[in-house]
Amino acid sequence: MFNAADVLQPSFIEQPLNRLWSLISPNYAVDESLWLAQLIPLAKPSLQERTYSKQQAIELIARVRADKKCDSNDRCVITGI
């Protein structure tokens, strides 16, 4: 897992694509608590942005939970069901 703050440096995104992929790909199954611990200090959302994000998350979770056809939450979230 790379350091989340590294992505704010131009040198991070200027790396060859195969190197970027090798850094990003392992984050598919990363421990969310460790990743969030790095991301939260970088986030400085306004009250309006936090409120909007919270409402969007609540609505998405409600739609996923209400869809009895979904056998996989990952599939439902990725496809926007």
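Read on for a plain summary of the structure. (Residues numbered from 1 in each chain as written. Predicted model: local features only at pLDDT ≥ 70, side-chain atom pairs only at ≥ 80, totals over all residues. Heavy atoms only, no water.)

This part covers the overall build of the protein chain. A count of helical and extended segments in the protein chain gives five helices and zero strands. Starting at the N terminus and ending at the C terminus, the protein chain contains elements arranged as α-α-α-α-α. Burial analysis of the protein chain (81 residues in total) assigns 15% to the buried set. For the protein chain, restricting intrachain contacts to residue pairs at least 6 apart in sequence, the fraction spanning at least 24 positions comes to 44%. Accessible area of the protein chain: about 6800 Å², with a carbon and sulfur share of 61%. (Helix = DSSP H or I, 4+ residues; strand = E, 2+ residues; numbered from the N terminus. Buried < 20%, exposed > 50% of the residue type's maximum accessible area, 1.4 Å probe, protein only. Contact = heavy atoms within 4.5 Å. Areas by Shrake-Rupley, 256 points an atom, 1.4 Å probe, with all protein chains shown as cover.)

On to the packing of aromatic side chains, then. Using the criterion set out here, one finds two aromatic pairs in the structure. Seen in terms of ring centroids, phenylalanine 2 and phenylalanine 12 are 5.0 Å apart; in terms of plane orientation they differ by 40 degrees. Their pairing is tilted. Placement of phenylalanine 2 in the segment before helix H1 (10–13) and of phenylalanine 12 in helix H1 is noted, with a sequence separation of ten residues between them. Phenylalanine 12 matches phenylalanine 2 in its accessibility class, with the two residues each being buried. Between phenylalanine 2 and tryptophan 35, the aromatic rings sit 5.2 Å apart at their centres with planes inclined by 85 degrees, giving edge-to-face as the arrangement. Separated by 33 residues along the polypeptide, phenylalanine 2 in the segment before H1 and tryptophan 35 in helix H3 (residues 32–39) bring together distant segments of the chain. Assigned by exposure class, phenylalanine 2 and tryptophan 35 land together as buried. One aromatic cluster is present, formed by Phe2, Phe12 and Trp35 through successive ring pairs. (Phe/Tyr/Trp six-rings, centres within 6.5 Å; stacked < 30°, edge-to-face > 60°.)

Honestly, that's just the spatial picture; any functional story needs more than this.
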